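# Observations on chain architecture
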Amino acid sequence: MTVEPAEKLLAPVLSAFWDDPRSWTLDTYRRHEGYQALTKALAMAPDDLIAYVKDSGLRGRGGAGFPTGMKWQFIPQGDNKPHYLVVNADESEPGTCKDIPLLFANPHALIEGIVIACYAIRSHHAFIYLRGEVVPVLRRLHEAVREAYQAGYLGKDIKGTGFDLELTVHAGAGAYICGEETALLDSLEGRRGQPRLRPPFPAVEGLYACPTVVNNVESIASVPAIIHRGKEWFRSMGSEKSPGFTLYSLSGHVARPGQYEGPLGITLRQLLDMGGGMRPGHRLKFWTPGGSSTPMFTEEHLDVPLDYEGVGAAGSMLGTKALQCFDETTCVVRAVTRWTEFYAHESCGKCTPCREGTYWLVQLLRDIEAGKGRAGDLEKLADIADNINGKSFCALGDGAAAPIASSLKYFRAEYEEHIERGGCPFDPARSTAWADTSRTEAHA
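Along each chain, numbering runs from 1 in the same order as the chain's sequence is written. pLDDT decides what is reported in this predicted model: residues at 70 or higher carry local features, side-chain atom pairs at 80 or more are listed and counted, and totals for whole chains, interfaces and linings draw on all residues regardless. Excluding hydrogens and water, the side-chain figures rest on all heavy atoms present in the structure.

### Remarks on the sheet that holds strand 7 (residues 284-288)
For two strands to be treated as a pair, DSSP must find at least two bridges joining them. In this text, helices come from DSSP runs of H or I with a minimum length of four residues, and strands from runs of E with a minimum of two, each type numbered from the N-terminal end. On the basis of which strands lie adjacent, the open sheet formed by five strands has the order 6-5-9-7-8 and mixed pairing. Each end of this open sheet is capped by a strand with a single partner; those strands are strand 6 (258-263) and strand 8 (297-298). Of the strand pairs in this sheet, strand 5 (residues 245-252) and strand 9 (residues 322-327) are connected by four bridges, and their pairing is parallel. In the strand pairing of strand 9, Gly 252 is matched with Cys 325. Working rule for contacts: check all heavy atoms of both residues, and any pair within 4.5 Å makes them a contact. Convention adopted: a line fitted to C-alpha atoms gives each axis, helices being fitted over their contacting stretch, and angles between N-to-C directions are expressed from 0 to 180 degrees. Each of strand 7 and strand 9 is contacted by helix 14 (residues 332-346), which is oriented at about 15 degrees to strand 7, the strand it contacts most.

Here's what the structure looks like:
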């Protein structure tokens, strides 16, 4: 049986021309069939457009994997209220790094997708909520929006169809909690970003108490390609329940980290083959399939299909496809401690399980890492994590508990070794990206 080269498994669509000298400009986007999908979409009835996206099987790329067309369908029609589309570009989870490069290299794919989505849900005002720290991306996005207005893709009477759309780019202040859709809406309205009680859901009462769709950057940016090339083309990739292409962010101790765009259902083994494997002389120890908030996997999960069903059946979540790979030089306790410190810092404090639980998780983990751990600490860790998981106001608490439970499941012996020997058995310097280079130079 002949085996195709690993690179043939890639399906560059959103990233197809990222290597062009000025990939972010309107001229480059139009040279690559940009805004052709918009012409097709504006010739369709809005309800037919929603049905088309729903039939394509596109699922949200922000983590939960909810069907995009179905989310659009929830917007009530004939209610005499303004409808809004809000694009969640507040990417900030450790390891997650797909939306920001996409916006930096190809912002017009998102803008075209926004116009199509707004036409479908009968919205005349859209917002992009961008993480405020990424100023170069913010500037590039503002320029792309200006180009789109100037070319007649935004504003009044778009391309002579009578459809009007205003697009506002809003920079957040750097709060991870604002990636949660209802906290994002509160922040956009000028209030402190904290999750709302649901129901009512955003589709009924979202931004300014009006029907609102909140979608991820990659989800909306994928729509033009589906409209232009057809839902059958989109469904020819991936699996039946998880069709299409997506961006996988390969990072950590790999030879060639970066964005790899391929069909859903590809495996980490295949992606590592394309990425040159782990750094020379080292082997994979553990990895995250969807960022730090998803239960970790080990080497035995290398062949798990990276789609929503495959990863879920193996005991984790696909999330944002942030594949952080760690080799044997990494201390699991140290890595989990750093993640947990992040969640404790980013907890909005609205609910007790998350506010208090993440604080105490950090105290216990720091003690264990520093050699001050005691017998019974591991049971206490598991108990606190269990009291957070499923009991906090939003998914931030669940994300904080996931690394604790999964690391205890696969690496309990490593935690016990920290307690028994009164310290960490790993040298932190060996896990740095430059460690092998430094040792080679020192030896020379």
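### Regarding the layout of surface pockets
Cavity: a set of points on a 1 Å grid over the protein atoms alone where a 1.4 Å probe fits but cannot get out. Pocket: an open set with protein on both sides within 12 Å along at least five of seven lines, its lining residues, like those of a cavity, having an atom within 4 Å of a point. Grid points are joined across faces, edges and corners, and a volume is the space filled by probe spheres set on the points. Approximately 1200 Å³ is the volume found for the largest pocket. Considering the residues around the largest pocket, the lining is formed by 41 residues, among which Gly 62, Gly 63, Ala 64, Gly 179 and Glu 180 are closest to the centre. Looking at the lining of the largest pocket, the element that brings in the most residues is helix 17 (residues 395-421), giving five residues. When the residues that make up the lining of the largest pocket are grouped by side-chain class, the tally is 13 nonpolar, 17 polar and eleven charged. Residues were grouped as follows: Ala, Val, Leu, Ile, Met, Phe, Trp, Tyr, Cys and Pro as nonpolar; Asp, Glu, Lys and Arg as charged; and all remaining residues, including Gly, as polar.

### As for the state of the cysteines
One covalent bond between the sulfur atoms of two cysteine residues makes up a disulfide. The criterion for a disulfide is a pair of cysteine sulfur atoms lying within 2.5 Å. Across all of its chains, the model carries zero disulfides by this definition. Sulfur of Cys 325: no disulfide; nearest cysteine sulfur belongs to Cys 97 and is 11 Å away.

### Looking at the domain arrangement of the chain
Throughout, the edges of the domains are those of an automatic or database domain assignment. As assigned here, the chain comprises domain 1 (6-235), domain 2 (245-327) and domain 3 (332-429). Computed over C-alpha atoms only, the centres of domain 1 and domain 3 are separated by 35 Å. Between domain 1 and domain 3, the contact holds 14 residues from the first and nine residues from the second. Interface of domain 1 and domain 3: buried area, both sides summed, is about 970 Å²; carbon and sulfur atoms make up 68% of it. Each of two parts loses accessible area, computed with a 1.4 Å probe, when they are put together; buried area is these two losses added.

### What about helix 6 (residues 107-121)?
To estimate the expected span of a helix, subtract one from its residue number and multiply by 1.5 Å. Here helix 6 is 15 residues long and its end C-alpha atoms lie 21 Å apart, about the 21 Å a rise of 1.5 Å per residue gives. Exposed residues in this analysis have more than 50% of their type's maximum accessible area, buried residues have under 20%, and partly exposed residues fall in between, with area computed by a 1.4 Å probe over protein chains only. For helix 6, the buried fraction is high: 15 of the 15 residues fall into the buried class.

### Digging into the sheet that holds strand 2 (residues 125-130)
The parallel open sheet is built from four strands, whose spatial order is 3-2-1-4. With one partner strand each, in any of the chains shown, strand 3 (166-171) and strand 4 (212-216) form the two edges of the open sheet. Across the sheet, the axes of successive neighbouring strands diverge by a mean angle of 20 degrees, strand direction being ignored. Inspection of the sheet shows strand 1 (residues 84-89) paired to strand 4 by five bridges, in the parallel sense. The partner of Tyr 84 across the bridge, within strand 4, is Thr 212. Lying on the sheet, helix 7 (residues 135-150) is in contact with strand 2 and strand 3; it crosses strand 3 at an angle near 170 degrees.

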